[in-house]
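Next come the chains, spelled out residue by residue.
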Amino acid sequence: RPLTPSAPLKEEPPVISPFSDDGGAKFKRGRLTHRLLQCLPDLPGDFRFEAARTYLARPAHDLSLEEQAEIAAEVLAILGHADFAALFGPGSRAEVSLIGDVSGTVISAQIDRLLVTDRAVIVIDYKTNRLPPAAVDEVPAIYLAQMAAYRAALRRIYPDRPVRCLLLWTANADLMALPEPLLDRYAP
């Protein structure tokens, strides 16, 4: 049975409950943010706002105009941020399957976002409906092990390029780079 890093055998940190005191708003917000980050990058930049607005306005989402605007603004800010634009731009791909042998263990994973260039490989995993840590050294070990496994598998595929790993906490749209030395401690 292959190891699935995004569905580890160890216990994960608690999710934001859809029945929490906020009525599940953070849970719903994270799920919608994840979906927009998956789909919007495939659209030309000038169509993204309208596509986000149309998607968020669907009656099934039951969002106020203010909530729709906030979510769209957060997602579009990430997609348009100069430091992150390439991560979600041409050549990057959503929902990429990754299967490989890492130190004698077969892993099977679905990467949320992958960018492969001549200079580097960048992998982003969305953490939906999880409370984001205040600092990178507070990231749960289970996520660090997951990303270290992704990195190890991708290094086998792209041995000539560095592999950078990032977590995107969708509850607050925070993109967090994971330092190499931190991931080294969790390498498979």
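Residues numbered from 1 in each chain as written. Predicted model: local features only at pLDDT ≥ 70, side-chain atom pairs only at ≥ 80, totals over all residues. Heavy atoms only, no water.

Enquirer: Help me out: how do you make sense of the overall build of the protein in this one?
Expert: Across its full length, the protein holds 5 helices and 5 strands. Going from N to C terminus, the protein has its helices and strands arranged as α-α-α-β-β-β-α-β-β-α. Evaluated residue by residue, the protein yields a buried proportion of 44% over its 188 residues. Across the protein, contacts joining residues at least 24 apart in sequence account for 66% of those joining residues at least 6 apart. Total accessible area on the protein stands at roughly 10,000 Å², and carbon and sulfur atoms take up 55% of it. (Helix = DSSP H or I, 4+ residues; strand = E, 2+ residues; numbered from the N terminus. Buried < 20%, exposed > 50% of the residue type's maximum accessible area, 1.4 Å probe, protein only. Contact = heavy atoms within 4.5 Å. Areas by Shrake-Rupley, 256 points an atom, 1.4 Å probe, with all protein chains shown as cover.)

Enquirer: What is the right way to read the sheet that holds strand β3 (residues 121-127) from this model?
Expert: Strands belonging to one sheet form pairs held by backbone hydrogen bonds; the direction of such a pair is parallel or antiparallel. Read from one edge of the open sheet, 5 strands run β1-β2-β3-β4-β5, paired in mixed fashion. Two strands lie at the open edges of the sheet, namely β1 (92-102) and β5 (174-178), each paired on one side alone. On average, adjacent strands in this sheet sit at an angle of 40 degrees to one another, irrespective of strand direction. In the sheet, β3 pairs with strand β4 (residues 163-169) via 7 bridges, with the strands oriented parallel. By the bridge assignment, Y126 is partnered in β4 with L168. (Pairing = 2+ DSSP bridges. Axes fitted to C-alpha atoms, helices over the stretch in contact; angles between N-to-C directions.)

Enquirer: For this particular structure, what's the right way to read the nonpolar core?
Expert: Inside soluble globular proteins, nonpolar side chains tend to come together where they are buried. Residues L98, I111, V123, V139, M147, L154 and L178 are the most contacted members of the largest nonpolar core, which totals 28 residues. Among the secondary structure elements, those contributing two or more residues to this core are β1, β2 (105-116), β3, α4 (141-157), β4, β5 and α5 (180-184). Examining the composition of this core, we find that 9 residues originate from one element, α4, more than from any other. Those residues within four positions of L178 in sequence are excluded, and the remaining contacts are V136, V139, L144, M147, C165, L167 and L183. With 23 residues, the next largest nonpolar core counts Y55, L63, I124 and L168 among its residues. (Core = buried A, V, L, I, M, F, W, Y, C linked by side-chain atoms within 4.5 Å.)

Enquirer: Which parts of the structure should I look at to understand the confidence of the model for the protein?
Expert: The predicted coordinates should not be examined in detail at positions where pLDDT is low. Chain-level pLDDT for the protein is 86 on average; 85% of the residues reach the 70-or-more range. At the low end of the mean pLDDT range in the protein sits helix α1 (residues 25-39), at 84; at the high end sits α5, at 97. (pLDDT = per-residue confidence, 0-100.)

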